[in-house]
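Here is how the chains run, residue by residue.
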Amino acid sequence: MSDDFNRFHRLDGEGGASELDRRQLEKQTADEPLWLRCDLRDRANQAWLQDKAGIPEFAVDTLLAESTRPRFSATDNGLLLVLRGVNMNPGAESDDMIAVRIWLDRNRIITCQRRYLRSIEDVADQLQQQHGPRWASDVLVGLVERLAEYIEDVLDKLSDELEMLEDSVENNPDLTYRTGLSLLRRKAARIRRFLNPQREALDRLCRNADPWLAKDQVEDVQQSLDALVRHLEDLDLVRERAVLIQEELQNRIAEEQNSRIYVLSIVTAIFLPLTFITGLFGMNVAGLPGLEDPSSFFYVCMLSAVLAVGLGVWLRFKKWF
């Protein structure tokens with residue numbers, strides 16, 4: 001089984017690369033710069049990583065793991081880095097993040113994944129255009145930069161979605177918007193769950209990059225790390241704004257409900273004595289006044305009207321409405 005992201009590249013040191021098949025790969029010397037993109041669903045790749053890649057056992061276990069969080073480890077033979085990238089595939093959710101497992105040694109970088117990741121393909125496209133990474137370490141730096149750029153795109157979309165919800169709540173407060181706000185908060189929380197350990201992994205990479213990365217490459221990774229820190233701050237801001245909008249929505253809905261209850265209370269207060277009068281004169285017992293007087297109904301109606309107007313004036317005087 002072979003997918004588009006299952007490719008082996010021999011870097012030419014000038015920004016381009018030539019593709020290798022598995023047989024050619026086994027004939028390469030350790031001095032030739034290589035970028036090996038491995039589809040972990042391919043059992044041949046799994047067997048090669050376990051038996052022929054020359055990678056420490058703990059690193060192989062991490063590369064083949066079904067699920068893992070961002071992490072960094074360095075040994076005398078190379079460094080292991082696990083990062084997460086935004087899933088930009090059609091129909092994917094913005095909070096779905098794909099793991100990319102990276103092994104870097106002196107002249108070789110191995111990237112392993114189980115799903116298509118746009119960030120890796122962007123770096124590979126640069127090689128086809130003859131202005132891509134020259135060395136294995138350049139591949140790592142370029143990948144880190146692309147991951148940070150796509151994360152920024154997702155955060156921009158979250159911010160735009162939040163602003164649309166904010167405008168909708170302001171113009172038409174409705175309980176249905178609570179679902180959208182809750183979903184947005186969950187997305188931000190899921191993204192942050194991976195970005196926080198990713199920040200720590202990149203920080204450790206910057207502090208332990210020698211001898212695998214040059215000074216200027218470390219500076220480039222540091223810039224991506226600084227951008228990631230800003231992204232985390234933006235995520236926190238998105239979550240806080242979503243909470244404030246939810247509270248504002250609940251407050252405005254509560255105000256409307258209280259206003260309706262207030263009107264009902266005023267109406268009840270006005271009609272309560274009228275209900276008492278009609279109930280009193282509606283008793284079917286002997287001795288009620290006015291039973292024989294044809295005009296008594298008129299007097300009761302007038303009394304009810306005077307009471308209603310009087311109560312309304314009194315409530316208005318008391319500034320109840």
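Criteria and thresholds
Residues numbered from 1 in each chain as written. Predicted model: local features only at pLDDT ≥ 70, side-chain atom pairs only at ≥ 80, totals over all residues. Heavy atoms only, no water. Helix = DSSP H or I, 4+ residues; strand = E, 2+ residues; numbered from the N terminus. Rg over C-alpha atoms; globule rule 2.2 N^0.38 Å. Contact = heavy atoms within 4.5 Å. Axes fitted to C-alpha atoms, helices over the stretch in contact; angles between N-to-C directions. Parallel < 35°, antiparallel > 145°, perpendicular 65-115°, else oblique. Left-handed = near helix turned anticlockwise from the far one by under 90°. Core = buried A, V, L, I, M, F, W, Y, C linked by side-chain atoms within 4.5 Å. Buried < 20%, exposed > 50% of the residue type's maximum accessible area, 1.4 Å probe, protein only. Phe/Tyr/Trp six-rings, centres within 6.5 Å; stacked < 30°, edge-to-face > 60°. Lys NZ or Arg CZ within 6 Å of the ring centre and 35° of its normal. Arc of directions from axis to C-beta. Polar contact = N/O pair within 3.5 Å; in protein donor to acceptor, adjacent residues only side chain to side chain. Salt bridge = Lys/Arg side-chain N within 4 Å of Asp/Glu carboxyl O. Expected span 1.5 Å × (residues − 1). Bend = angle between axes of the 7 residues up to and from the residue. Pairing = 2+ DSSP bridges.

Draft legend 1. Main features of the overall build of the protein chain. When helices and strands are counted, the protein chain shows eight helices and seven strands. Taking 20 Å as the expected radius of gyration for a compact globule of 321 residues, we find that the protein chain reaches 35 Å, considerably beyond that expectation. Expressed as lengths along the three principal axes of its C-alpha atoms, the size of the protein chain is roughly 120 × 40 × 35 Å. If you take every contact in the protein chain between residues at least 6 apart in sequence, the share linking residues at least 24 apart comes to 66%.

Draft legend 2. Fine view of the packing of helix α4 (residues 118-128) against helix α5 (residues 136-171). Look at α4 against α5: their axes get within 9 Å of each other, and the N-to-C directions meet at 130 degrees. In this view, α4 runs oblique relative to α5, as classed from their interaxial angle. α4 and α5 meet at a crossing whose hand is right-handed. Contacts between α4 and α5 involve Arg-118, Ser-119, Ile-120, Asp-122 and Val-123 from the former and Val-139, Gly-142, Leu-143, Arg-146, Leu-147 and Tyr-150 from the latter.

Draft legend 3. Focus on the nonpolar core. Counting residues in each nonpolar core, the largest one holds 58 residues, and the members touching the most others are Trp-35, Leu-81, Leu-140, Leu-202 and Leu-205. At the level of secondary structure, the elements contributing two or more residues to this core comprise β5 (79-86), β6 (97-104), α4, α5, α6 (177-207) and α7 (215-281). With 15 residues, α5 is the largest single contributor of residues to this core. Every residue in contact with Leu-205, bar those within four places of it in the chain, is listed here: Phe-72, Leu-79, Leu-81, Leu-140, Leu-213 and Val-221. Counting residues in each nonpolar core, the second largest holds 19 residues, with Phe-8, Leu-25, Leu-36 and Ile-110 among its members.

Draft legend 4. The arrangement of the environment of Glu-200 in detail. Among the secondary structure elements, Glu-200 is positioned in helix α6. Exposure remark for Glu-200: the relative accessible area of 45% places this residue in the partly exposed category. Between the C-alpha atoms of Glu-200 and Trp-35, which are 165 residues apart in sequence, the distance is 25 Å.

Draft legend 5. Fine view of the packing of aromatic side chains. Tallied over the entire structure, the rule returns zero aromatic pairs. Between the NZ or CZ atom of Arg-37 and the centre of the ring of Trp-35, over which it lies, the distance is 5.3 Å. Between the NZ or CZ atom of Arg-84 and the centre of the ring of Phe-194, over which it lies, the distance is 4.1 Å.

Draft legend 6. Main features of helix α2 (residues 43-51). Listed as buried for α2 are Asn-45, Trp-48 and Leu-49. The arc that holds the buried residues of α2, viewed along the axis, is 100 degrees, so those residues lie on one side. Residues of α2 that are exposed and point more than 90 degrees away from the buried face comprise Arg-43, Gln-50 and Asp-51. The distance from a side-chain oxygen at the start of α2 to the backbone nitrogen of Ala-44 is 2.9 Å, and the residue carrying that oxygen is Asp-42.

Draft legend 7. Main features of the pattern of salt bridges. On inspection of all chains with the given rule, the structure shows eleven salt bridges. Of the charged contacts in the structure, one is a salt bridge between Arg-114 and Glu-66, with a shortest N-O distance of 3.9 Å. Placement of Arg-114 in the loop between β7 (108-113) and α4 and of Glu-66 in the loop between α3 (57-64) and β4 (71-74) is noted, with a sequence separation of 48 residues between them. On the basis of relative accessibility, which here comes to 64%, the residue Glu-66 falls in the exposed class. A salt bridge links Arg-241 to Glu-166; its shortest N-O distance comes to 3.0 Å. Remark: Glu-166 occurs in helix α5 and Arg-241 occurs in helix α7; sequence separation between them is 75 residues.

Draft legend 8. Molecular detail of α6. Spanning 31 residues, α6 covers 45 Å between terminal C-alpha atoms, matching the ideal 45 Å at 1.5 Å per step. At Arg-192, α6 is bent by approximately 25 degrees, the largest bend along its length.

Draft legend 9. Molecular detail of the pairing of β6. Burial analysis of β6 places eight of its eight residues in the buried class, the great majority of the element. Along β6, one buried face is formed by Met-97, Ala-99, Arg-101 and Trp-103 and the opposite face, lined by Ile-98, Val-100, Ile-102 and Leu-104, is buried too. Here eight bridges tie β5 to β6, and the two strands are oriented antiparallel to one another. Bridge pairing in β6 places Leu-79 opposite Leu-104. As paired elements, β6 and β7 share four bridges and run antiparallel to each other.

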